[in-house]
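Coordinates in review
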Amino acid sequence: MQTELTAEAIYKQEFKTALRGYSQEEVDQFLDVVIRDYEKMTKEIERLRQENESLRRGSNEQAAEPVKPAQPVASNYDMLRRISNLEKAVFGKQVGPSE
């Protein structure tokens, strides 16, 4: 998006005077306010563009990294061993049919 005006162009703009024209002082004061707002808006747009670019780069980096599981995946053997240890703790050393 390219704008036609810059803060400097607004500042340098001059108007011809007419017999029943506007008060030049009031116009100058108003244009001063317009210039300040225009400069703020331009800075904010640039800041948002940089933030947007930063976020885009960040999301691309995150997408390139594989997702790691929060905890290591237990194998079937590990689960059976844990169940066996739990059974021994609950039922004692003899697990299975009593002789």
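A few points on the structure. (Residues numbered from 1 in each chain as written. Predicted model: local features only at pLDDT ≥ 70, side-chain atom pairs only at ≥ 80, totals over all residues. Heavy atoms only, no water.)

A few points about the nonpolar core
The following threshold applies: We call a set of buried Ala, Val, Leu, Ile, Met, Phe, Trp, Tyr and Cys residues a nonpolar core when their side-chain atoms join them within 4.5 Å. Accessible area is worked out with a 1.4 Å probe on protein chains only. A residue is then buried under 20% of its type maximum, exposed over 50%, and partly exposed in between. The secondary structure listing takes helices from DSSP runs of H or I that are at least 4 residues long and strands from runs of E that are at least 2 residues long, numbered from the N terminus.
Ala7, Ile10, Leu31, Ile35 and Tyr38 together form the largest nonpolar core, which totals five residues. For this core, the elements supplying multiple residues, two or more each, are helix 1 (7-12) and helix 2 (24-64).

Some thoughts on the layout of surface pockets
The following threshold applies: A pocket, in this scheme, is an open set of points on a 1 Å grid over the protein atoms alone with protein on both sides within 12 Å along at least 5 of 7 lines, while a cavity is a set where a 1.4 Å probe fits but cannot get out; residues line either one if an atom lies within 4 Å of a point. Grid points are joined across faces, edges and corners, and a volume is the space filled by probe spheres set on the points. Charged residues are taken to be Asp, Glu, Lys and Arg, nonpolar residues to be Ala, Val, Leu, Ile, Met, Phe, Trp, Tyr, Cys and Pro, and polar residues to be all remaining types, Gly included.
The volume enclosed by the largest pocket comes to roughly 360 Å³. Considering the residues around the largest pocket, the lining is formed by 17 residues, among which Glu14, Phe15, Gln24, Val27 and Asp28 are closest to the centre. Going through the elements one at a time, helix 1 and helix 2 are the ones with two or more residues in the lining of the largest pocket. Among the elements that take part in the lining of the largest pocket, helix 2 stands out by supplying six residues, more than any other. Split into classes, the residues belonging to the lining of the largest pocket amount to eight nonpolar, five polar and four charged. Thr3, Tyr38, Thr42, Ile45 and Arg49 are the residues nearest the centre of the second largest pocket, which is lined by 14 residues in total. Take the lining of the second largest pocket: its biggest share by element is eight residues, from helix 2. Split into classes, the residues belonging to the lining of the second largest pocket amount to six nonpolar, four polar and four charged.

A closer look at the pattern of salt bridges
Quick note on the threshold: By salt bridge we mean one thing: a side-chain nitrogen of Lys or Arg within 4 Å of a carboxyl oxygen of Asp or Glu.
Applying the stated criterion across every chain, the model contains four salt bridges. Measuring nitrogen to oxygen at the nearest pair gives 2.8 Å for the salt bridge that ties Glu44 to Arg47. Of this pair, Glu44 and Arg47 both sit in helix 2, three residues apart, which is roughly one turn of the helix. A residue is classified by how much of its surface remains accessible, and Arg47, at 41% relative accessible area, is partly exposed. Between Glu51 and Arg47 there is a salt bridge whose closest N-O contact spans 3.0 Å. Within this pair, Glu51 and its partner Arg47 are both found in helix 2, separated by four residues, close to a single helical turn. For Glu51, a relative accessible area of 37% gives the class partly exposed. Members of the salt-bridge network, linked through shared partners, are Glu44, Arg47 and Glu51.

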